[in-house]
Amino acid sequence: MISIRQRKGIQTTEVSEDYTAQEENVKLEDKLPSSCTNRRLWKILSFTVGGTVALCIGLLTSVYLATLHENDLWFSNIKEVEREISFRTECGLYYSYYKQMLQAPTLMQGFRGLIYDNKTESMRTINLLQRMNIYQEVFLSILYRVLPIQKYIEPVYFYIYTLFGLQAIYVTALYITSWLLSGTWLSGLLAAFWYVTNRIDTTRVEFTIPLRENWALPFFAIQIASITYFLRPNLQPLSQRLTLLAIFISTFLFSLTWQFNQFMMLMQALVLFILDSLDMLPAMKVTWLYGIQLTGLLLVCMLQFFNSMILGSLLISFNLSVLIARKLQKNLKTGNFLNRLGKLLLHLFVVLCLTLFLNNIIKKILNLKSDEHIFKFLKAKFGFGATRDFDANLYLCEEAFGLLPFNTFERLSDTLLFYAYIFVLSITVIAALAVAFRNLSDSANQQSMCKMGKYTIGLKPDTAYNLIHTILFGFLALSTMRMKYLWTSHMCVFASFGLCSPEIWELLLKLIHLYNPKRICIMRYSIPILILLYLCYKFWPGMMDELSELREFYDPDTVELMNWINANTPGKAVFAGSMQLLAGVKLCTGRTLTNHPHYEDNSLRERTKAVYQIYAKRAPEEVHALLRSFGTDYVILEDSICYERRHRRGCRRRALLDVANGHMMDGPGENDPDLKLAGHPRFCEEIKKNLPSYTAYFTRVFQNKTFHVYKLSRNK
C-alpha cells in the first residue's frame, strides 16, 4: 500500500578495594586548601561541560531524527490526507483522537466525545480513556488550544515535534545513566553515539511517530537513571526524597502512556526480587521501589476509570506477593550457605504460588479476559502446545513477535557495540556471581573474604541493578523482536559504562596480574576515545549521505480511497475491513468502524475475527449476516490480504482463518487430519466475479488496483 519513491523535481553493596585508601587521600587533601579548591573547581567544570554536552547531543539527535522523517516523506510538501495516511496502522488511530479533540467545539465536548465514543466500534459506546492510553493526545490537544501558537505551527507539527523532543530527553537520560554508573561524562557521550549509529535497532520513531512506546520509553529511561542514582549509598535525605519523587513521576508517566507498561515493570520487579534475594540491594530501598510501582500503576488505573486489565495484571499480584512473603519469612537472610539457599528456594516458591493465587482470584472476581490472547501467544510461542486460536496465531506469524534475527548482532558488531557489551557483561557477571556466593555464605566467611585484600570483588548496587536489568531485557528481546528497543538502548548505556568504569578495569587488570592505577586511568579514557573516533570515521559520511537523500511519500491508491469515502459516503456510514486500514479510515474520514488495531479487548477480538471472514471460505449470506450484525454499510477488501504471499503457508491471514474455521488450507502442503474441505469458495475472490448469489447482498461501489469497496444491501 504505502511506498517510498525517489523525489521528482521540486514541486548490597560492595566497594572497590581502594575505597579506604581513597578516603584517606581525600582526608589528606582536605588539609590542603589549594588542592581542595582545585578539585572543587574541576568538578564544577566537568559537570558544566558534561551537562552541556548531554543537552547538545540530545537536541542534535532529535533534529537528526526529525530531518530523516522529513526527507523520507517530504512531509512539509504533501497533502494533509497523505500526512495522515503516513501514520500507519494503530498510529493513525491514536492520532485521530488528537485530531478529534482539536475539532471539538469545546474541551468539555471533546472529553465527552472520548468518554462516550460510538464511532470507534459500531453499535457500541466505549470509554476511550478507559480502554486506550491516549491521555498524551488529550494533553497535547489542550496545550495546542490553550497556547497562542496556532498561527505559527500546524497541529500535526506540534504533535510530531513533541515526539521528537521526547527523543532528546530519551538520549539525555541514557547519557546521564551511563555517566552516573561510570563517573565520567565521556561514557555518556559514547552511549549517545552508539544509540545514533545503531538507530535501526535502537528506535523506530521516525516512521512510527504516534506509537505508544515512543511516548513511554523516554520516561522509562528517566526512571532507570533515577533508580541508578537512588541506589547510591549514603544519599542525603533531601536528595533521596527528590530522587524518589523523580522515580514516582517517571514511573507514573511511563505507565500512563503505554498499555504494555505492566509487563515491562514486571521485568523490573523481577530484577529487584533477584537482587534483594541475593542481598545485593538495601532492603528498604527495594521496598520503596515496589511501593512506587504499585502506587503509580494504581493511580493510572484510577485515571483509566479502573481499567480491569491493570487490576488483573501480574505486576500487582507479584509485588503484593513479594511484600507478604517478606513479612512471613523475616529470617530469610541468616544462616550458612546451604541454609540460606534452602530459604531462598522456599521464598521463591511462596512468591510464585501467592502470585498465581492472587492473580487468579482477581481475574475471576473481575471476569477479566482482556490479556487472554497474550498468554495464549506466550504458551504457543514457547512450545507448550500448538494452537489454532486466530488471535494467538496472528501474533505468532508476525515477524515483530518472532525471535530476534541474527543479522541484528551483525549490525551491532559493526559499531563495536556488541563486542564491548559482551566484554563488560562477562566481567560484571563474574563479579556478580562472586558477590552473590559471598552474600549467601555465612557471616564469618564473608569477613574472611573481606580481609583478602586485593582479591576482594565488589559490585555496587547501581551496577548490580543495571546488570540484571540488561540480562532480563536481553532475554525478552531475544524471544520477541519488537521488544529489542528496550534492550539495545540500555545495551549502549551498559557497554559505555563498562569501558569507562574504573571498577571494571581494576577487576580485569587484577585478574591478569597487571593492576596499576595509571593503567586504569589510561584504559578508561583512551579506549572510549578511540571508539568515538572510529564511529565518526566510519559512520559520519554515511549519515551525511542519509541526510542528503530526498524521497517522498507515495500511496495514490490509499489517497484515492480516502478521498472517495469523504466525497461519496454519509458521515455516519459504518465501514468494515482490516484493522490496519480502518485506523486510517477513522483518521482521514471520521467514519464509524467495526473494528480497529487496539487489540486489548476480548469482545473486539471476537468481532475482528468475525469481520475477517471476508477473507475466509464462507457463503455470501453468512458474511453479509455477520457484517450487518455490526451495522456495516460498506466493506473494504484488500488484494494484499486476499492474495497474500508475504508470509509462508500457514501464516497468511486467509490460512489462519481457514484453520480456525476447521477448513483445509490452500496450496500444496500438509494439513491436519481433522481439517475438512470448505463447502464454499473464498469470499474475497468469488465476490469479484459478480455472481448473482453475491450481487444480491453486495454492490461494488469503488475499485482501484489495491482496494474494492462493496455496499451491503439492507433488505436481506
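Bear in mind the structure is a predicted one, so any value in this text is a computation, not a measurement.

Parameters at a glance
Residues numbered from 1 in each chain as written. Predicted model: local features only at pLDDT ≥ 70, side-chain atom pairs only at ≥ 80, totals over all residues. Heavy atoms only, no water. 1 Å grid on protein atoms, 1.4 Å probe; cavity = no way out; pocket = protein on both sides within 12 Å on 5 of 7 lines; lining within 4 Å. Points joined across faces, edges and corners; volume = space filled by probe spheres on them. Helix = DSSP H or I, 4+ residues; strand = E, 2+ residues; numbered from the N terminus. Nonpolar A, V, L, I, M, F, W, Y, C, P; charged D, E, K, R; others polar. Polar contact = N/O pair within 3.5 Å; in protein donor to acceptor, adjacent residues only side chain to side chain. Contact = heavy atoms within 4.5 Å. Phe/Tyr/Trp six-rings, centres within 6.5 Å; stacked < 30°, edge-to-face > 60°. Buried < 20%, exposed > 50% of the residue type's maximum accessible area, 1.4 Å probe, protein only. Lys NZ or Arg CZ within 6 Å of the ring centre and 35° of its normal. Disulfide = S-S within 2.5 Å. Salt bridge = Lys/Arg side-chain N within 4 Å of Asp/Glu carboxyl O. pLDDT = per-residue confidence, 0-100. Domains from an automatic or database assignment. Buried area = accessible area lost by both parts, 1.4 Å probe.

Brief notes about empty space enclosed by the protein
In step 1: The computed volume of the largest cavity comes to approximately 100 Å³.
In step 2: If you trace the largest cavity, you find it lined by Tyr170, Leu174, Thr177, Leu217, Phe220, Ala221, Ile224, Tyr485, Leu486, Ser489, His490 and Val493.
In step 3: Among the elements that make up the lining of the largest cavity, the one with the highest residue count is helix H24 (residues 484–500) (5 residues).
In step 4: Within the lining of the largest cavity, the residues separate by chemical class into 9 nonpolar, 3 polar and no charged.
In step 5: Of the volumes computed, that of the second largest cavity is approximately 50 Å³.
In step 6: Taken together, Gln167, Tyr170, Tyr195, Thr202, Thr203, Arg204, Glu213, Asn214, Leu217 and Tyr485 make up the lining of the second largest cavity.
In step 7: Looking at the lining of the second largest cavity, the elements that each hand over two or more residues are helix H8 (155–182) and helix H11 (212–230).
In step 8: When residues in the lining of the second largest cavity are grouped by element, the largest group, 3 residues, is from H11.
In step 9: For the lining of the second largest cavity, a count of residues per class yields 4 nonpolar, 4 polar and 2 charged.

Observations concerning the side chain of Asn214
In step 1: By the secondary structure assignment, Asn214 is in helix H11.
In step 2: There is a polar contact of 3.4 Å between the side chain of Asn214 and the backbone oxygen of Ile209.
In step 3: Discounting chain neighbours no more than four positions away, the residues touching Asn214 are Leu163, Leu166, Arg204, Val205, Thr208 and Ile209.

Considerations on the packing of aromatic side chains
In step 1: What the rule picks out here adds up to 35 aromatic pairs.
In step 2: Ring centres of Phe47 and Trp179 lie 6.1 Å apart, and the angle between their planes is 40°; this geometry places the pair in the tilted category. Of the two residues, Phe47 sits in helix H2 (residues 33–73) while Trp179 sits in helix H8, which places them 132 residues apart along the sequence.
In step 3: Geometrically, the ring pair formed by Phe75 and Phe87 is tilted, given 6.3 Å between the ring centres and 50° between the ring planes. One end of the pair, Phe75, is in the loop between H2 and helix H3 (80–85); the other, Phe87, is in the loop between H3 and helix H4 (90–103), with 12 residues separating them in the sequence.
In step 4: A residue is classified by how much of its surface remains accessible, and Phe75, at 0% relative accessible area, is buried.
In step 5: Of the aromatic side chains, those joined through ring pairs into one cluster are Phe75, Phe87, Tyr95, Tyr98, Tyr157, Tyr159, Tyr161 and Trp215.
In step 6: When the ring centre of Phe230 is taken as origin, the NZ or CZ atom of Lys285, which lies over that ring, is 5.1 Å away.
In step 7: The cationic tip of Lys510 hangs over the ring face of Tyr515; the distance from NZ or CZ to the ring centre is 5.1 Å.

Some points on the state of the cysteines
In step 1: Inspection of every chain in the model, using the stated rule, returns 2 disulfides.
In step 2: Here Cys397 is linked by a disulfide to Cys651, with a sulfur-sulfur distance of 2.0 Å. Handedness here is read from the sign of the S-S torsion; for Cys397 and Cys651, about -75°, the answer is left-handed. Separated by 254 residues along the polypeptide, Cys397 in the loop between helix H19 (390–396) and helix H20 (407–414) and Cys651 in the loop between helix H31 (639–642) and helix H32 (653–660) bring together distant segments of the chain.
In step 3: Since its relative accessible area comes to 11%, Cys397 is described here as buried.
In step 4: Here Cys642 pairs with Cys684 through a disulfide, and the sulfurs are 2.0 Å apart.

Points about the pattern of salt bridges
In step 1: Per the counting criterion, the structure on display carries 25 salt bridges.
In step 2: Of the charged contacts, one joins Glu546 and Arg199 as a salt bridge, the two residues approaching to 2.2 Å between their closest N and O atoms. Taken as a pair, Glu546 in helix H26 (residues 517–548) and Arg199 in helix H10 (residues 199–202) lie far apart in primary sequence, 347 residues in all.
In step 3: Glu213 is the salt-bridge partner of Arg204, the closest N and O atoms lying 3.0 Å from each other.
In step 4: Given a relative accessible area of 4%, Glu213 falls into the buried group.
In step 5: Via salt bridges that share partners, Glu121, Arg124, Arg131 and Asp601 belong to a single interconnected network.

With respect to the confidence of the model for the protein chain
In step 1: Confidence in the prediction of the protein chain, expressed as mean pLDDT, is 89, and 92% of residues score 70 or more.
In step 2: Note on residues 9–32: pLDDT under 50 across the span, and 35 contacts to partners over four residues away in sequence or across chains.
In step 3: Ignoring residues within four places in sequence, the model shows residues 443–455, a span with pLDDT below 50, making 9 contacts including any to other chains.

Examining unusual backbone geometry
In step 1: Positive phi outside glycine occurs at Asn234, with the angle close to 60°.
In step 2: Looking at the element boundaries, Asn234 is found in the loop between H11 and helix H12 (237–257).
In step 3: For Asn234, a relative accessible area of 69% corresponds to the exposed category.

Focus on the domain arrangement of the protein chain
In step 1: What the domain assignment reports for the protein chain is domain 1 (162–443 + 457–548) and domain 2 (556–712).
In step 2: Distance between the C-alpha centres of domain 1 and domain 2: 41 Å.
In step 3: Every contact between the two is made by 15 residues of domain 1 and, on the other side, 21 residues of domain 2.
In step 4: Regarding the contact of domain 1 and domain 2, the summed buried area is about 1,600 Å², with carbon and sulfur atoms giving 58% of it.
In step 5: Of all residues in domain 1, the largest losses of buried area upon contact with domain 2 belong to Arg388, Phe390 and Cys397, amounting jointly to 46% of the total for that side.
In step 6: Here domain 1 and domain 2 share 0 salt bridges between them.
In step 7: Run the count over domain 1 and domain 2 and you get 1 residue pair in polar contact (both at pLDDT 80 or more).

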